[in-house]
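# Inside the fold
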Amino acid sequence: MTTVQNGPGSAKQELLRARLEGMIAGLVPGEPLPAERDLARDLGVARMTLRRAVDGLVEEKRLIRRRGSGTFVAGAKVSQRLAATSFSADMRARGLRPGSHTVESRRFPAGMMLAALLDVPPQTDVLFVRRLRLADDVPMALEDLHVPATVAPGLTGEDLESASFYDLLARRFDDPVVAGTQTVEPALAGADEAALLGVPEGSPVFLFERTSRVRSGGVAEFVRSTYRGDRYRIVVDIFPPDGPAS
Ligand code: GLP
């Protein structure tokens, strides 16, 4: 057994960190680290020393500590480009299997606020669907989707179970999404969202709001999406203020 000694910023501490990093690299996301007592013994360090090194990796989001259950390897983040693509297409592009589970659905007249967002008269019938979005069966996002009946007549929450909304628009309604506007804000997961996403309440999330237009010109959706902050990183292409250089 190699003995690693402590000392702030010391070579020994760096060695301890390197050994922990090596261990993380050999585990898959979601896998637990051995119990602190066993790991400290195997590495030949005091538990406090080990805890400090693990704290650093938790701060860097390489590890996740769950009170009462242990320390786990964090999942790699999905790099999300801000583009008018669908969740399903984004996940497939990363080699992940997209999934959708309809948690709740109902219909109601748009009313003033939604009517303005959806660019329809206030009495227009709107389908509301709350969907849990999964990648390889892991919850990634929660989406509150509002679709005016004018764009997708007859669409139901059941139609969206395990299905892509954008694919349905393109195939069933022959009216693909062509453009949209999206905002992004940081937020903290509320109790309901946290339970559905499988994260502790108060975890950081990205709040996206998107309105998208279809080829025929109408607004197809107003969506409020809550994406897990521990699984997402936003990528934005930037250009000079007068547009991309040709
Ligand atoms: C993304 C967008 C949503 C959109 C969804 C469609 O998640 N943020 O606004 O409704 O994609 O995804 P899919 O076609 O997989 O249902």
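Numbering of residues starts from 1 in each chain and follows the order in which that chain's sequence is written. pLDDT decides what is reported in this predicted model: residues at 70 or higher carry local features, side-chain atom pairs at 80 or more are listed and counted, and totals for whole chains, interfaces and linings draw on all residues regardless. Heavy atoms from the whole structure form the basis of all side-chain values; hydrogens and water molecules are not counted.

This part covers the domain arrangement of the protein. Examined at the domain level, the protein breaks down into domain 1 (11-75) and domain 2 (79-228). Domain extents, as shown, originate in an automatic or database domain assignment. For domain 1 versus domain 2, the separation of C-alpha centres amounts to 37 Å.

Residues grouped as a nonpolar core are buried Ala, Val, Leu, Ile, Met, Phe, Trp, Tyr and Cys residues, joined through side-chain atoms within 4.5 Å. Burial classification: accessible surface area is computed with a 1.4 Å probe over protein chains only, and a residue below 20% of its type maximum counts as buried, one above 50% as exposed, and the rest as partly exposed. Leu155, Leu160, Phe165 and Leu169 are the most contacted members of the largest nonpolar core, which totals 18 residues. Among the secondary structure elements, those contributing two or more residues to this core are β5 (125-135), β6 (138-148), α6 (165-171) and β9 (219-228). Per the convention used, a helix needs a DSSP run of H or I reaching at least four residues, while a strand needs a run of E reaching at least two, with both numbered from the N terminus. Top element by residues in this core is α6. It accounts for four residues. Any two residues whose heavy atoms approach within 4.5 Å at even a single point are treated as in contact. Apart from residues no more than four positions distant in its own chain, Leu169 is found in contact with Val151, Ala152, Asp174, Asp175, Pro176, Val177, Val214 and Ala220. Counting 14 residues, the second largest nonpolar core, distinct from the first, contains Ile24, Leu39, Leu43 and Val45.

Grid points spaced at 1 Å and placed over the protein atoms alone form the basis of the search, with a cavity being a set where a 1.4 Å probe fits but cannot get out and a pocket an open set showing protein on both sides within 12 Å along at least five of seven lines. Lining residues have an atom within 4 Å of a point. Grid points are joined across faces, edges and corners, and a volume is the space filled by probe spheres set on the points. A full pass over the atoms with the stated rule returns two cavities of 30 Å³ or more. The computed volume of the largest cavity comes to approximately 280 Å³. In terms of lining residues, the largest cavity is bounded by 23 residues, among which Thr85, Phe87, Glu143, Arg210 and Tyr227 are the most central. Counting only elements with at least two residues in the lining of the largest cavity, the list comes to β3 (78-81), α4 (87-93), β5, β6, α6, β8 (204-214) and β9. The dominant element in the lining of the largest cavity, judged by the number of residues it contributes, is β9, at four residues. Of the residues that constitute the lining of the largest cavity, the class distribution is nine nonpolar, seven polar and seven charged. Looking at the second largest cavity, its volume works out to about 30 Å³. Together, Arg107, Leu127, Val147, Pro148, Ala149, Ala152 and Leu155 line the second largest cavity. Asp, Glu, Lys and Arg are counted as charged, while Ala, Val, Leu, Ile, Met, Phe, Trp, Tyr, Cys and Pro are counted as nonpolar; the rest, among them Gly, fall into the polar class. Class assignment of the residues belonging to the lining of the second largest cavity gives a composition of six nonpolar, no polar and one charged.

What follows is about the side chain of Glu143. Inspection of the secondary structure puts Glu143 in strand β6. The exposure class of Glu143 is buried, given its relative accessible area of 9%. Discounting chain neighbours no more than four positions away, the residues touching Glu143 are Val129, Arg130, Arg131, Arg133, Val223, Arg224, Ser225 and Tyr227.

A few words now on the confidence of the model for the protein. pLDDT is a residue-level measure of predictor confidence that goes from 0 to 100. Per-residue pLDDT for the protein averages 89, and the proportion of residues at 70 or more is 95%. Of all helices and strands in the protein, the one with the weakest mean pLDDT is β3 (72), whereas β5 scores best (97). Note that pLDDT drops below 50 for residues 1-6; the model gives that stretch 21 contacts with residues more than four away or on any other chain.

Salt-bridge detection follows one rule: a side-chain nitrogen of Lys or Arg within 4 Å of a carboxyl oxygen of Asp or Glu. Tallying each qualifying case throughout the model produces 19 salt bridges. One salt bridge in this structure joins Glu60 and Arg17, with 2.9 Å as the shortest N-O distance. With a gap of 43 residues between them, Glu60 in the loop between α3 (47-59) and β1 (63-66) and Arg17 in helix α1 (residues 11-25) connect regions that are remote in the sequence. A relative accessible area of 25% places Arg17 in the partly exposed class. Glu36 is paired through a salt bridge with Arg51; the nearest N and O atoms lie 2.6 Å apart. Taken as a pair, Glu36 in helix α2 (residues 36-43) and Arg51 in helix α3 lie far apart in primary sequence, 15 residues in all.

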